[in-house]
Amino acid sequence: ARSRPPARPRRGACAASAFGARGAQGGGRGRRTRPAPPSRSLCARFSARATMIRFLLLQNRAGKTRLAKYYVPLDDDEKHQLEREVHRVVVNRDPKHTNFVEYRAYKIIYRRYAGLFFSLCVDVNDNELALLEAVHLFVEVLDHFFGNVCELDLVFNFHKVYLIIDEFILAGEIQETSKKQIMERLGELEAVRE
């Protein structure tokens, strides 16, 4: 009888938990023992594979950046260069193509709403459709919060837009995907502010 290979670790879970309670003992007659659980560094590598957003940009068709949120440290010159390059790539792209573009060692996921481009920079292996839905959810929350949002709302109420982003994305990872929960939390924050 052949022994079964060790279970593969689930994404985001520590690989050591996939070996079960007995771990490396193996237990049982005639079975080969399983290898020892992986080291902590391997566990850290698996759990670090959550979707990481590098930056979020809101730009109009003319190339003016209306909002930028960076989750990785960059110099101001690098930020301005990134904004120019992302705008050039996104605006000149044919609408018949997908909303995913490989950019340097990452991927740009963008969506156009009226005259604004909402762009996310993520790792190449991240789920494009989930992040495209996240962009759509962000726009829905903005629309609900401002009541038919427009570019001027973003310019004159940028502090509220950053508040919405912080309720939605934390440290480059999406924290909440429920529009109802986000709106309730924003309502509580608005009540506290008044």
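Since the structure is predicted, the reported quantities are computational estimates derived from the model, not experimental observations.

Q: Now, about the sheet that holds strand β3 (residues 100-103): what can you tell me, with residues and values included?
A: Strand order in the open sheet formed by 5 strands is β2-β1-β5-β4-β3, and the pairing between neighbours is antiparallel. Two strands in the sheet have a free side with no partner beyond their single neighbour: β2 (65-70) and β3. Across the sheet, the mean angle from the axis of one strand to that of its neighbour is 20°, orientation sign disregarded. Where β3 lies against strand β4 (residues 106-113), 4 bridges are found, and the strand directions are antiparallel. By the bridge assignment for β4, Glu102 is matched with Lys107. Sitting on the sheet, helix α2 (residues 76-91) touches β1 (53-60), β2, β3, β4 and β5 (116-123), and the angle it makes with β1 is about 65°. Along the sheet, helix α5 (residues 158-168) makes contact with β1 and β2, crossing β2 at roughly 35°.

Q: Run through the nonpolar core, naming residues and quoting values.
A: In terms of nonpolar packing, the biggest core is built from 30 residues, with Phe118, Phe138, Leu142 and Val161 touching the most fellow members. Secondary-structure elements contributing two or more residues to this core are β1, β5, α3 (128-146), α5 and α6 (179-193). Top contributing element to this core by residue count: α3, with 10 residues. When neighbours within four sequence positions are excluded, Phe138 is seen to be in contact with Leu58, Phe118, Val161, Ile164, Ile165 and Phe168.

Q: Give a detailed account of empty space enclosed by the protein, specifying residues and quantitative values.
A: All chains considered together, the criterion is met by 1 cavity of 30 Å³ or more. Taken as a whole, the largest cavity holds about 50 Å³ of empty space. Lining of the largest cavity is provided by Ile53, Leu56, Phe118, Leu120, Ala134, Val135, Phe138, Phe168 and Ile169. Taken together, the elements giving at least two residues each to the lining of the largest cavity come down to β1, β5 and α3. Top contributing element to the lining of the largest cavity by residue count: α3, with 3 residues. For the lining of the largest cavity, the class distribution of residues is 9 nonpolar, no polar and no charged.

Thresholds, definitions, all that
- Residues numbered from 1 in each chain as written.
- Predicted model: local features only at pLDDT ≥ 70, side-chain atom pairs only at ≥ 80, totals over all residues.
- Heavy atoms only, no water.
- Pairing = 2+ DSSP bridges.
- Helix = DSSP H or I, 4+ residues; strand = E, 2+ residues; numbered from the N terminus.
- Axes fitted to C-alpha atoms, helices over the stretch in contact; angles between N-to-C directions.
- Contact = heavy atoms within 4.5 Å.
- Core = buried A, V, L, I, M, F, W, Y, C linked by side-chain atoms within 4.5 Å.
- Buried < 20%, exposed > 50% of the residue type's maximum accessible area, 1.4 Å probe, protein only.
- 1 Å grid on protein atoms, 1.4 Å probe; cavity = no way out; pocket = protein on both sides within 12 Å on 5 of 7 lines; lining within 4 Å.
- Points joined across faces, edges and corners; volume = space filled by probe spheres on them.
- Nonpolar A, V, L, I, M, F, W, Y, C, P; charged D, E, K, R; others polar.

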